[in-house]
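# Residue-level structure breakdown
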Amino acid sequence: MTGQWLQWLRPDPDRTTEPVVSVAELAAARTELGAAPVEWALQSADAIAEEVLRKVPEHGGGPAAATTLRRVIQAAVLTGLRLMVSDFNRPMPALTEEALEGCREFARRGIPLELVLRGVRLGHAQLTHGLAVGVEEHVPADQRLAELRRIEEMLFTYVDAHSSVMAEEYIAERDRWRGSDEAARRAVIDDVLAGRPVDQEAAARRLRYDLSRTHVAAVLWGDDTATSAPAAERLHHAASTMAHTLEAARTLIIPAHDNSVWAWFAVSGENAEEHIRHLHSSLPEPAGVRAALGPPAPGPHGMRRSHLGALQAQRMALHGTGSWLCDYRDIRLAALVTADSEHARWFVQEVLGPLASEGARLRELRETLRVYLAEERSLRTAAERLHIARNTVTYRVKRAEELLPETTTAGSSLELRVALEITAASPNGTPANV
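Residues numbered from 1 in each chain as written. Predicted model: local features only at pLDDT ≥ 70, side-chain atom pairs only at ≥ 80, totals over all residues. Heavy atoms only, no water.

### Considerations on the pattern of salt bridges
Test applied: For this document, the term salt bridge refers to a Lys or Arg side-chain nitrogen within 4 Å of an Asp or Glu carboxyl oxygen. A run of H or I in DSSP becomes a helix once it reaches four residues, and a run of E becomes a strand once it reaches two; helices and strands are each numbered from the N terminus.
Under the definition given, this model contains 26 salt bridges. For Arg-176, the salt bridge is made with Glu-173, and the minimal N-O distance between the two is 2.3 Å. On the criterion of helical spacing, the pair formed by Arg-176 and Glu-173 is a turn pair, its members being three residues apart in helix H6 (residues 141-193). Salt bridges here are not isolated pairs; linked through shared partners, they connect Glu-97, Glu-101, Arg-104, Glu-169, Glu-173 and Arg-176.

And the structure:
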């Protein structure tokens, strides 16, 4: 009975799966297992790939990356089933060429080894579960326990041996790639960020990223509060999740320092604003990660423009408090007028006078006045934004205006709004911290 029940596995008739393994691999599997078990294996492999992409989004990054992952898993599942048809009479098969090439690609894309191996563990667990269900359906009750133990032992031996080979291949490829490619990739990025002319086609090949698209740049860094996972893993995971939420066609992630990365997401120019709003509303805060987002902009100059915006957003985020994600478009006025911090402090003190002093009560008055002016002096809208009563808005605005210098109350409201925006973006909302 050993392994024969595998030939009775049947796929879901309502699903179709496109094979992405080699024709030779597929033909050999069909000869040994039969057409239906092979289709079951392909469906199981694609379900595993979906689970890996959900839990380890670093494996994503576009259709090509997803296809690579599917190819690796399809080949691994077919090889595992062919091995299980025997009773350990067959020698442990070598790592498939699909797995080797996939492992090399993971290294070239900078996916951390621990995440590659986590994908292997997830696949192992899901395939074991699927085969256990098959045992329950097709193996007589008195033989199930022995068959389940055989499957677990065989799969563990298979996965353990291949994980070691994959790790060795990954490390070798990573070392080769770092020596030959990483420096060249960084040189291209340096040229783009310096505004120097670049050959777009050559740069796209080197970066594996289309420079002609509309780009949204991000800077991600660790906040030193999370210790459950290495910083590199947290940052890459957060960047990959952002890419998925933005529906990016391609993603480029470049290590910047030990505790930060730069990322670019190639997005649809027509839907960029919609995707960014979706990012703000739906993306949960990643543990131990903060991020700054640049404005969407097209072409190579857009890569530079968006990145510089992200750096400005990071500057404001590092000097202030608030959400883990700082969007340049929310702070661009404050970023502009605080580029010279000393002059910004003078400006705030001169425009706001006593209203610029420290204290929770004064911060409350400043914020109410800021929102009131931003809403074109609408008491109703300001109250809704601040979640307070209209009478409270009226009182706070009146009190704040009483604290302003005469030169400000008689002058331009533009200067007042700018000064209030500066304090709102500053730590503790005071000019001394600009």
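The structure having been displayed, the exposition proceeds.
### Structural notes on the side chain of Glu-421
Rules: Partly exposed describes any residue whose relative accessible area lies between the buried limit of under 20% and the exposed limit of over 50%, with all areas from a 1.4 Å probe on protein chains only and scaled to the type maximum. Should any heavy atoms of two residues lie within 4.5 Å, those residues are counted as being in contact.
One can find Glu-421 in helix H17 (residues 413-424). With relative accessibility at 19%, the residue Glu-421 sits in the buried group. For Glu-421, the residues in contact, after removing those within four places along its chain, are Leu-333, Ala-334 and Arg-370.

### Notes on the pairing of strand S1 (residues 214-222)
The test is simple: By the convention used here, strands pair only if DSSP detects at least 2 bridges between them.
In terms of burial, S1 is a largely internal element, nine of the nine residues being buried. Here S1 shows two buried faces, one formed by Thr-214, Val-216, Ala-218, Leu-220 and Gly-222 and the other by His-215, Ala-217, Val-219 and Trp-221. Inspection of the sheet shows S1 paired to strand S3 (residues 260-267) by eight bridges, in the antiparallel sense. Paired with Leu-220 across the two strands is Val-261, which belongs to S3. Taken together, the five bridges between S1 and strand S4 (residues 289-293) define a ladder with antiparallel strand orientation. The partner of Leu-220 across the bridge, within S4, is Ala-291.

### What to know about helix H4 (residues 97-108)
In an α-helix there are 3.6 residues to a turn, and that puts residues three or four apart on one side. Just so we agree on the cut-off: Expected span of a helix: the number of residues minus one, times 1.5 Å.
When the terminal C-alpha atoms of H4 are compared, their 16 Å separation across 12 residues agrees well with the 16 Å that a helix rising 1.5 Å per residue should span. A large share of H4 lies buried, amounting to 10 of its 12 residues. Buried residues of H4: Glu-98, Ala-99, Leu-100, Gly-102, Cys-103, Arg-104, Glu-105, Phe-106, Ala-107 and Arg-108, and no others. Immediately downstream of H4, the backbone of Gly-110 shows phi near 80 degrees, a positive value.

### Here we look at unusual backbone geometry
Positioned with a positive phi, Glu-247 is a non-glycine residue whose angle comes to about 55 degrees. Locating Glu-247 in the fold gives a position in the loop between helix H8 (231-245) and strand S2 (250-257). Even without glycine at this site, Glu-376 takes up a positive phi of about 55 degrees. With respect to the helices, strands and loops of the structure, Glu-376 is situated in the loop between helix H13 (360-374) and helix H14 (379-386). Residue classification places Glu-376 among the exposed residues on the basis of a relative accessible area of 66%.

### Re the confidence of the model for the protein
To keep things clear, this is the line we draw: One confidence number per residue, pLDDT, is output by the predictor and ranges from 0 to 100.
Averaged over all residues, the pLDDT of the protein is 86; the fraction at 70 or higher stands at 91%. When pLDDT is averaged over each element of the protein, strand S5 (residues 297-298) comes out on top at 95 and helix H16 (residues 406-409) at the bottom at 78.

### As for the environment of Thr-214
Note that Thr-214 resides in strand S1. As a C-alpha pair, Thr-214 and Leu-333 span 119 residues in sequence and 23 Å in three-dimensional space.

### A closer look at the packing of helix H2 (residues 35-55) against helix H5 (residues 113-138)
What counts here: Only the stretch in contact is used when fitting a helix axis, every axis being a line fitted to C-alpha atoms; angles between N-to-C directions are given from 0 to 180 degrees. Put simply, angles under 35 degrees are roughly parallel, angles over 145 are roughly antiparallel, angles from 65 to 115 are roughly perpendicular, and the rest are oblique. Handedness of a helix crossing follows the sense of rotation of the near helix relative to the far helix, less than a right angle counterclockwise being left-handed and clockwise being right-handed. Amino acids are sorted into nonpolar (Ala, Val, Leu, Ile, Met, Phe, Trp, Tyr, Cys and Pro), charged (Asp, Glu, Lys and Arg) and polar (every other residue, Gly among them).
Where H2 contacts H5, the axes come no closer than 9 Å and their chain directions differ by 140 degrees. Here H2 is positioned oblique relative to H5, judged by the angle of their axes. Every pair of crossing elements has a handedness; the one defined by H2 and H5 is right-handed. The segment H2 lies against H5, with Trp-40, Ala-47, Ile-48, Glu-51, Val-52 and Lys-55 engaging Arg-118, Gly-119, Leu-122, Gly-123, Gln-126, Leu-127, Gly-130 and Leu-131. Its residues placed into classes, the contact of H2 with H5 shows seven nonpolar, four polar and three charged.

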